[in-house]
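A look at the structure
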Amino acid sequence: MVRSDGRGRRRLFERDSELAAVDVVLDELAGLAKGSGESPERPHGALLAVAAPAGLGKTTLLAEVRRRAAAKGCTVLYARGGDQEQGVAFHVARQLLQPRLAGIPAADLQATLGSWYAIVGPALGLCAPTEGAPPDPQGLRDGLDWVLTHLAVQQAPMVLVLDDAHWADPESLSWLAAFAPRAEELPLLLVVAYRPEELPDHAEALRGLPGRSGRRTLGLEPLSATAIASLVRESLGGHADDAFCRECWAVTAGNPFEAVELTAKVRDRGLTPTENGAHLLRDLAAAARGSGLVARIERLGPATVHLAWACAVLGTEIAPELAANVAGLGFEDATDATDRLRMARVLKGVEPLEFVHPLIATAVYRAIPGPLRVALHGKAAQTVLDAGLGPIAAARHLLETHPEGDPWVVRQLRAAAAETVRAGAPDAARRYLARALREPPAFDDRAAVLYELGSASLLTEPATTVNHLRAALEEPITDPTLRHGIVYRLSQVLAHTDRLAEASETLAREIRVTDDPRVRLRMQAEQFMWDAFRADEPDSPARSRRLAKLADRLSGRDLTERYIIGLRAWDATLRGEGAAAVIQYAERALAGGLRWAADEDRGFEVPVLVAMAFLYADRPGRTEDLFVEGIADFEQSGWRGGHLSFAYTLLGYVRHRRGRLAEAEDFVRAGLRLAERVGPGTPAHWYAVGTLVEVLLARGRIAEAKEVADAHSFGQPFPAAVVFPDAQTVYGELLLALGRTEEAAEELAAAGRRLDPRGMRNPAWCPWQLHLARAEAPDAPERARALAADAVERARHFGTPSGIGQALRTAAEVSVGTDRGKLLEESVAHLERSPAGYELARSLVALGAEQRRKGRSKEAADHLYRGLDAAVGCGADGLVQYAREELAASGLRPRPLRGAVTDTLTARERAAARCAVRGLCPAEIAAELRLDEPTTVRLLSAAYRKLGTEPSGLAAALGE
C-alpha cells in the first residue's frame, strides 16, 4: 500500500487485510474473480465502508483504492465531504458527477439525459432551473439514480469513492445511502470512508450498508510500534535508533498522520534521530496539532495567519484569489503567505489550494477568534458574490453571521433559497429562509419570507408549513397576489394532511373579504374541490346544487372555470346522475386543457378526478390516455413522490376495472413503493394499500390481501378524506372474503351510513350495497335482496353496462329460484358491452355454474369455457380455479391454454424482455435502452402480459 505526502510515495503499514478486501471486490467488479469452474464470474458491484477516527489513514487507503481501480481499467468517481460545505445542497453529488458531464456539449448532454436533464441539471450545476414547478426531492433523487446508473453501465466497471462522508451534505448523503444497495446490481463498487464518532443523524444509514452485502465495515487500527519504526526509518534514514522510534510511537499513539507530520518536523529541525533527541519529540508533536499548530502558524507572521484563516473559512477547493481577497492581502503578500503555509505543511496544491489534512483545517478554523470568524464569513459572502459565484455560494457564509437587520443579507438568502428550491433541495432553502427571518427582514417583507419558508417546508414538515403560513396571514400584506398565494398554499397543505375541514374554512373566510370576482371564483373552485374530498362535509347535497348551478353558467374560458366544470363531472359521478352527463362535463373541462403539473399552486386533483370520471362512465381508454399524459407530465417535472404514487396506483386501479389484474398489481405495487417513501398514513399510502387489497382479492389471493392489510395497518380509523376505492368498503370486502361476515356487514353498513346522506349513491363508484347484500344474505335474505335491488336501480340510473352488470350479478347471488338465471343472463348481456373484463368473467362463470345446477349442460359448458378463458386472460387465479372445478363437476376437461404469441410485442417491449432474460435489473435495462425506470417497468409488464408468463418463464416464452 502507498501514500503520497507531497514529496513522493511511501509505503503504509499494517493494512494488508484491508487491501486484500479491496482486491477481492475489485476483482469481482472487473469480472476477474474465478467461479467454481475456474472461469471468470459475471462482474458485479459491492459496497465497502471504512470507518476510523481522524488520522488513521482513511484518505490514504482510499487513494490506494483509486489507484488500484484505475490500474484495473475502472472508471473512478471521487468526492470528499467538507466541514464548511455541509450546508451546500448536492455539493458532494456535484463533485462526483459534474466532471463526467460538464465537458459534454449541452445539446449532446440533453440528448443523453433526456427528460432528466432539466431535473438533475440545476442540482449538478449543469444548467439553470427551468420555469414551472420544481422537482420534488424524490424526483431529484430518482434522476440522480438514473444518471449514476447510466454512467455505471456505460463506463463500466466503475468505482465511486466518497471520503469524509461524515461531512457530506444531507442531500447528497441521503441520495447515496438510498442508492447504495443497488450497487450490487450494477458494475459499480461504492467505497465510503467516515469517522464513526462524527457521523450525523442523517447519515446513520451508512453504518449498516456493508452488512447488506455480507461484508463488514473496515475499521482501521493505530499502527504498532514496529510499523511506526519502519515509517520513521523510511523517512529519516536507517540510522534512526530504537529508542527514538519507540518515543515516536508513544507520542503519536500509533496515529500514522501524526507520525508522518512528526518525522517532517524532525527533518525540518535537523534533529538527529537518536535517543539523545527523543526527549524533544513531545514538543514537536504538540506543535503539529491543535494549539501547537496554531502557534506555529502565528510565528509565520500576521499576513500568513490571515491567509490561513481565510482558507479555513472558504473550506475546500480554495481559489487563491478569493482567499487573498478575504484575507485582505495584495497579490505578492498572498503569494508569499501561501508559500510559507506550503513549507509549513499547512496548505498544498496551487489552483485550487487545500489543507494538507482536514485535522489542520479544523484546528485553524477553531482558532479564529469568534467575532473575527463572523466577520470573515461576512467578507467571504461578499467576495464570492463579487466573483460571480452566485447567492448559494454566499449563503453558506451568511448562515455563520450574526443577525443585524441588513436588507442585503435577507435579499441574498432569499435569492439562494429560490435557486435551491428550483434545484430540488427544499431543506437547504428552509435553512436559508429561517436565517433570513432571524435577520430580520423589513416589516413589509416579513409575510413574503414566511410564505417562502412555509412553501420550502411543504413536503418535509407540513405542520411547520401551516404555522408559517398562518403567521404570514397575520402580517399586514399590501400585495393581494401574495395574500392569495398564501391562502391557496395554506389550504393545500391542510388538505394534504387530512385537515380538509380547516382547508375549506380557510378559503371560506377569504372568499368573504375578496373583492376581485375572478379571485373569488378561483377560491370557490378550491373550496369545492376540498369539500368534494371531505368525508365529514355537513351539507353535501347543498354544495352539489351550488356547484351544478355555477358550472352550468360557465363557459370554460380559463383554468379556474374548467376546474369547476371538472369538479361538476366528478360530483355527477359520485351522485350517479347519469354517465352521459358525466362525459359531457368531463369533455367540457378538457376542452381548454388540464395540465397535471403546470402549476404547483393548483395541484393535480381536478385533472385526476376528470380522468376517473371517464373510467366510471365506462370510458377507461380515455382515462388511460389522460393518465399516460399526466404521468409524463409528472416525470418531466420531477414529481416522483406522492404525485407519481397516486398516478401509478390509480392507473393500476384502471387496469383492475378493465380486468387486466396482473398489470394492475404491478402498477399498484409500484405506487405503494413510492407511497412508502413519502410516508405511512398519507393519502397516497391509503390509496395504494386499499387498491392493492382490492386487486389481490380479485386475483383470489385472499391470504396475501390480509397480509398486506395487516402489514400496513389498513383498517379503523379510516382517513377523513374520500378515497377511491373507498377504504372502508374495501376493508369490508376483505372481511367478507375471510368469512368474517358479521364484521364485514358492520363495516359495509357504516360505509353506507357515511356515503348515502352525502348523496354518494353510485354503485359503479362504491359498491358497498353489493358487498353488504352478500354479507347479509345468509341471515337476512330479504334485506339482502332489497339492498341488491336498490343497487340495481341506482346502477340503471347511472346507465353504464359495467355498473348494471355487476349489480345484476350480485342480485342473482342473493336471489332464489328462476330469478337467478335470468339476472345472470342479463348481467352477461350488459357486461359483454362493457370494458369490465373481470366482471364479465365472473358473470360468465356464475351463469355457467347456475346452468350446470339446472341440468343445462351444453349451455353451461359454453359459458364456463368462455368464463375460464376470460379469467385466465384477466389473471384472476381464484376464478380460474373455481371455473375448472365447475367444469370438472360437469364431467368436462378444461381446454389447453392458448400459447404465447411473441409477434404481438413491440420493438421496445422485446428489447426490454431480452435484457431481462440476460439478468439485468430494471435500472440496468433503463440505462442500456436510454429510458427512465418507470417506462422500463411498464414495458416489462406489457411483455409479461402479452407473453402470458411471469419473469421466471420469460426466456422460454421468447424462445431464447
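Residues numbered from 1 in each chain as written. Predicted model: local features only at pLDDT ≥ 70, side-chain atom pairs only at ≥ 80, totals over all residues. Heavy atoms only, no water.

Things to note about the packing of aromatic side chains
What characterises a pair of aromatic rings is the spacing of the ring centres plus the angle enclosed by the ring planes. The tally for this structure, following the rule as stated, stands at 16 aromatic pairs. Aromatic pair Trp570 and Tyr616: ring centres 6.0 Å apart, planes at 50 degrees, arrangement tilted. Linking Trp570 in helix H28 (residues 559-575) with Tyr616 in helix H30 (residues 605-616), this pair joins segments that are 46 residues apart in sequence. According to the relative accessible area criterion, Trp570 is buried, its value standing at 2%. The interplanar angle of 65 degrees and the centroid separation of 5.7 Å between the aromatic rings of Trp596 and Phe634 together place this pair among those described as edge-to-face. Here the residue Trp596 occupies a position in the loop between helix H29 (579-590) and H30, and Phe634 occupies one in helix H31 (residues 620-637), the gap between them amounting to 38 residues. (Phe/Tyr/Trp six-rings, centres within 6.5 Å; stacked < 30°, edge-to-face > 60°. Helix = DSSP H or I, 4+ residues; strand = E, 2+ residues; numbered from the N terminus. Buried < 20%, exposed > 50% of the residue type's maximum accessible area, 1.4 Å probe, protein only.)

Thoughts on helix H27 (residues 540-552)
Here H27 is 13 residues long and its end C-alpha atoms lie 18 Å apart, about the 18 Å a rise of 1.5 Å per residue gives. Within the span of H27, buried status applies to Ser540, Ala542, Arg543, Ser544, Leu547, Ala548, Leu550 and Ala551. Buried residues along H27 sit in contact with helix H26 (517-532), H28 and H29. (Expected span 1.5 Å × (residues − 1). Contact = heavy atoms within 4.5 Å.)

Some details on the side chain of Glu605
Here Glu605 lies in helix H30. For the buried Glu605, which has no salt bridge, the nearest side chain bearing the opposite charge is Arg522, at an N-O separation of 9.5 Å. A distance of 2.8 Å separates polar atoms of two side chains, one belonging to Glu605 and the other to His496. Glu605 has contacts with His496, Met529, Trp530 and Phe533, leaving out every residue within four places of it along the chain. (Lys, Arg positive; Asp, Glu negative; His and termini not counted. Salt bridge = Lys/Arg side-chain N within 4 Å of Asp/Glu carboxyl O. Polar contact = N/O pair within 3.5 Å; in protein donor to acceptor, adjacent residues only side chain to side chain.)

Notes on the state of the cysteines
Any covalent bond linking the sulfur atoms of two cysteines counts as a disulfide. Considering all chains together, one arrives at zero disulfides under this definition. The structure places no disulfide on Cys248, whose sulfur is separated from the nearest cysteine sulfur, that of Cys245, by 6.1 Å. Judged by its relative accessible area of 3%, Cys248 is buried. (Disulfide = S-S within 2.5 Å.)

Some details on the pattern of salt bridges
What the rule picks out here adds up to 64 salt bridges. Glu439 is the partner of Arg435 in a salt bridge, and the nearest nitrogen-oxygen pair spans 2.7 Å. The residues Arg435 and Glu439 share a single accessibility class, namely buried. Here Arg785 and Glu782 are joined by a salt bridge, their closest N and O atoms 2.4 Å apart. One end of the pair, Arg785, and the other, Glu782, are both in helix H39 (residues 781-798), three residues apart, so they sit about a helical turn from each other. For Arg785, a relative accessible area of 24% gives the class partly exposed. Here the salt bridges do not stand alone but share partners, grouping Glu665, Arg669, Arg699, Arg701, Glu704 and Asp877 into one network.

Some words on the nonpolar core
Ranked by internal contacts, the top residues of the largest apolar core, which has 200 residues, are Phe355, Met612, Val693, Phe724 and Trp765. The residues contacting Phe724, other than those within four sequence positions of it, are Phe533, Trp570, Leu609, Met612, Tyr616, Leu650, Tyr687, Thr691 and Trp765. By size, the runner-up hydrophobic cluster in this structure holds 50 residues, among which are Phe90, Ala165, Trp175 and Ala183. (Core = buried A, V, L, I, M, F, W, Y, C linked by side-chain atoms within 4.5 Å.)

Considerations on the pairing of strand E5 (residues 158-163)
Counting buried residues in E5 gives six out of six residues, a clear majority hidden from the surface. Where burial is concerned, the two faces of E5 agree: the one with Met158, Leu160 and Leu162 and the one with Val159, Val161 and Asp163 are both buried. In this structure, strand E4 (residues 75-80) lies alongside E5, joined through six bridges in parallel fashion. Its bridge partner being in E5, Tyr78 is matched across the sheet by Val161. Here five bridges tie E5 to strand E6 (residues 188-194), and the two strands are oriented parallel to one another. Of the residues in E6, the one forming a bridge with Leu160 is Leu190. After leaving E5, the chain enters helix H7 (residues 170-179) and then returns to the sheet as E6, a path that is right-handed. (Pairing = 2+ DSSP bridges. Right-handed = clockwise from strand over helix to strand, strands pointing away.)

Observations regarding helix H42 (residues 837-853)
Since one α-helical turn is 3.6 residues long, residues separated by three or four positions face the same way. Between its terminal C-alpha atoms H42 stretches 25 Å, which fits the 24 Å expected from 17 residues at 1.5 Å a residue. In terms of burial, H42 is largely enclosed, as 13 of its 17 residues are buried. Just downstream of H42, Gly855 is the residue with a positive phi angle, here 85 degrees.

Points about the environment of Ala447
Structurally, the position occupied by Ala447 is in helix H22 (residues 446-456). Expressed as a C-alpha distance, the spacing of Ala447 and His468, which sit 21 residues apart in the sequence, is 9.1 Å. Apart from the residues within four sequence positions on either side, Ala447 is in contact with Ala472, Glu475, Ile477, Leu482 and Ile486.

Regarding the side chain of Asp618
Secondary-structure assignment places Asp618 in the loop between H30 and H31. In this structure, Asp618 is buried with no salt-bridge partner, the nearest side chain bearing the opposite charge being Arg657 at 5.2 Å. A polar atom in the side chain of Asp618 sits 2.5 Å from the side chain of Ser802. Look past the residues within four positions of Asp618 in its chain and what remains in contact with it is Thr800, Pro801, Ser802, Ser834 and Pro835.

Some details on the sheet that holds E4
Taken together, the five strands give an open sheet; going across it, the order is E4-E5-E6-E3-E7, and neighbouring strands pair in parallel fashion. Two strands in the sheet have a free side with no partner beyond their single neighbour: E4 and strand E7 (218-219).

Considering the confidence of the model for the protein
Here the protein averages 89 in pLDDT, while 93% of its residues score no lower than 70. Ignoring residues within four places in sequence, the model shows residues 1-9, a span with pLDDT below 50, making 29 contacts including any to other chains. (pLDDT = per-residue confidence, 0-100.)

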